[in-house]
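Below are the chains, spelled out letter by letter.
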Amino acid sequence: MTMKHLFVGLLASSVLTLAACNGASEKKSESDVHTETTVSNESNAASDQGTFSELFSHYEHLTFALSSNNDKEAANAAKGMLEALPKINTEGFSAEQKSTFDDIAADIQEHSEHIGDNIGNIAHQREHLVILSKDFYDIAKEFGTEKPMYKIFCSMYDDNKGAYWLSDSKEVKNPYYGEDMLTCGEVQEELK
């Protein structure tokens, strides 16, 4: 009998709690609704403007995967770049910017395909990262970045010819040598 009373009491308090929670979530002030609408409209506008943030996100995923010696994740990141590339809205570009972007986009597509198709050959993936990094550097210089990016240089890669990559952090995680020489590199430039 006491168990029955306990169960009924718990059930009643649960119902009251749910009712209170539902009532609280339904009572949004007009300013809350306006703020949510404004934020939503601003993010839609940003995505409509064809920003490079998704593309850069996949590039950073690629450099992180290579710094972790993960060829499968590198291939996934490259496939993400291939999906993000056509989403870039070039309507606001000048004719010169459009031409520059078309050249860069063709290059990104080619090298992303190579990286995506070469699971099991991380050295080959890293060779393509060299050119991809130049492409992303060119995008950052020509079109700017939404957040600061850092050009990090490793002087030892490719028989001391060196190569760089971009990162949103000053922390060095070398994608060319991975875990063998993870901290080999130095920040050369900040891009904004």
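Since we're looking at a predicted model, the values are computed, not measured. (Residues numbered from 1 in each chain as written. Predicted model: local features only at pLDDT ≥ 70, side-chain atom pairs only at ≥ 80, totals over all residues. Heavy atoms only, no water.)

Participant: An account of the overall build of the protein is needed here, citing residue identities and associated values.
Facilitator: Helix and strand content of the protein: 7 helices and 3 strands. Along the protein, helices (α) and strands (β) appear in the sequence α-α-α-α-α-α-β-α-β-β when read from the amino end. Per-residue burial for the protein yields a buried fraction of 35% across its 192 residues. By sequence separation, contacts in the protein at least 24 residues apart represent 63% of the contacts at least 6 residues apart. Counting every atom, the protein has about 11600 Å² of accessible surface; 52% of that belongs to carbon and sulfur. (Helix = DSSP H or I, 4+ residues; strand = E, 2+ residues; numbered from the N terminus. Buried < 20%, exposed > 50% of the residue type's maximum accessible area, 1.4 Å probe, protein only. Contact = heavy atoms within 4.5 Å. Areas by Shrake-Rupley, 256 points an atom, 1.4 Å probe, with all protein chains shown as cover.)

Participant: Quick one: what's the story with the sheet that holds strand β3 (residues 186-191), residue by residue and with numbers?
Facilitator: What the 3 strands build is an open sheet, ordered β2-β1-β3; its pairing is antiparallel. Strands at the two margins of the open sheet, each flanked by one partner only, are β2 (163-167) and β3. Averaged over all adjacent pairs, the angle separating strand axes in this sheet is 25°, with direction ignored. Pairing of strand β1 (residues 149-154) with β3, which is carried by 5 bridges, proceeds in the antiparallel orientation. Each bridged residue has a counterpart across the sheet, and for I152 the counterpart in β3 is V187. Packed onto the sheet, helix α3 (residues 53-67) meets β1 and β2 and runs at close to 125° relative to β2. (Pairing = 2+ DSSP bridges. Axes fitted to C-alpha atoms, helices over the stretch in contact; angles between N-to-C directions.)

Participant: Can you break down the pairing of β2 residue by residue, with the values?
Facilitator: In terms of burial, β2 is a largely internal element, 5 of the 5 residues being buried. A two-sided burial pattern is seen for β2, the buried positions comprising A163, W165 and S167 on one face and Y164 and L166 on the other. Across 5 bridges, β1 lies against β2 in antiparallel orientation. In the strand pairing of β2, F153 is matched with Y164.

Participant: Describe helix α4 (residues 71-84), with residues and values.
Facilitator: Every α-helical turn comprises 3.6 residues, leaving residues that sit three or four positions apart pointing alike. Compared with an ideal rise of 1.5 Å per residue, which puts 14 residues at 20 Å, α4 spans 20 Å between its outermost C-alpha atoms and is within 8% of the ideal. Among all positions in α4, only D71, A74, A75, A77, A78, G80, M81 and A84 are buried. Where the residues of α4 are buried, they touch α3, α5 (95-116) and α6 (122-143). The N-cap residue of α4 is N70: its side-chain oxygen and the backbone nitrogen of K72 are 3.3 Å apart. (Expected span 1.5 Å × (residues − 1). Polar contact = N/O pair within 3.5 Å; in protein donor to acceptor, adjacent residues only side chain to side chain.)

These figures come from the coordinates and say nothing about function on their own.
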